[in-house]
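Per-entry structural report
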Amino acid sequence: VAGCTGSGKSEALLVWLAAIAHAYSPQRVRFILIDYKGGSTFARLQGLPHTHALLTDLDPGATTRALEGIAAELQRREEQLSELSFPDLASWERAHSDAPASVPRAPARLVVAIDEFRVLSQTHPDSMDILLRLAAQGRSLGLHLIAATQRPSGAVSAQMRANMDIRLALRCVSAADSTDILGDARAASLPRIPGRAVLDG
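These remarks concern the structure in this document.

Reading the values: rules and limits
- Residues numbered from 1 in each chain as written.
- Predicted model: local features only at pLDDT ≥ 70, side-chain atom pairs only at ≥ 80, totals over all residues.
- Heavy atoms only, no water.
- Salt bridge = Lys/Arg side-chain N within 4 Å of Asp/Glu carboxyl O.
- Buried < 20%, exposed > 50% of the residue type's maximum accessible area, 1.4 Å probe, protein only.
- Helix = DSSP H or I, 4+ residues; strand = E, 2+ residues; numbered from the N terminus.
- Arc of directions from axis to C-beta.
- Contact = heavy atoms within 4.5 Å.
- Pairing = 2+ DSSP bridges.
- Axes fitted to C-alpha atoms, helices over the stretch in contact; angles between N-to-C directions.
- Disulfide = S-S within 2.5 Å.

Here we come to the pattern of salt bridges. Under the counting rule described, the total for this entry stands at 10 salt bridges. Linked by salt bridges that have partners in common, Lys-9, Lys-37 and Asp-115 make up one network.

Put into structure tokens, the structure is as follows:
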């Protein structure tokens, strides 16, 4: 998700996450919310039963520990799927639905949502490999990444973008920022009306 200040990016994130929470129970989906704008964006979601953790730039140490925990969870789920001989979490979920008495319940899907990804990447450069792995392998393991930033260029690597097939661009300041996320300059010419966006993918 990309968009300049005042484009409605934070509200778009909130609506997206609230819609997920409305559609799925906390037993199906949990949130890890990383808010590197002081906590102002995700504070309204902190009381949801879906919210497992809310992390901010006010406590970078907690974010480091959480990112290490995400890496451990990726590893744990890989091991569980291997033991149960399922190729991915979706197969595990279907098997449990078909035979709940003999197949254990799959763990909840985990949505890791980051507001101001550029600041996070600058503050925790050593943790970017974890998020790269999350983008590359997370979907099959039931871990999903939403990365939002004002300036995508240089913050979200090409390798990471290659594994993120939904791209939402609200109004961007420059044609270069729009091109970085969409491949063209459409988002730079959006009207100055918060919430107007181009969805690609």
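By the burial criterion, the buried members of helix H7 (residues 175-182) are Asp-177, Ser-178, Asp-180, Ile-181 and Leu-182. Viewed end-on, H7 has its buried residues packed into an arc of 170 degrees, placing them on one side of the element. On its buried face, H7 is in contact with helix H6 (158-161), strand S5 (167-170) and strand S6 (197-200). One or two steps after H7, the chain reaches Gly-183, where phi turns positive at roughly 95 degrees.

On to the sheet that holds strand S3 (residues 109-115). The strand order across the open sheet built from four strands is S2-S1-S3-S4, with neighbouring strands paired in parallel fashion. Across the chains shown, the open sheet's two edge strands, defined by having one partner strand only, are strand S2 (51-56) and strand S4 (143-148). Each neighbouring strand pair of the sheet contributes to a mean axis angle of 10 degrees, computed without reference to strand direction. Pairing between strand S1 (residues 29-35) and S2: five bridges, direction parallel. Within S2, the residue paired with Leu-33 across the bridge is Leu-54. Sheet strands touched by helix H5 (residues 128-141): S3 and S4. Its angle to S4, the strand with the most contacts, is close to 135 degrees.

Bringing the state of the cysteines into the picture now. One pass over the full model with this rule turns up zero disulfides. For the unlinked cysteine Cys-4, the closest cysteine sulfur is that of Cys-172, found at 6.8 Å.

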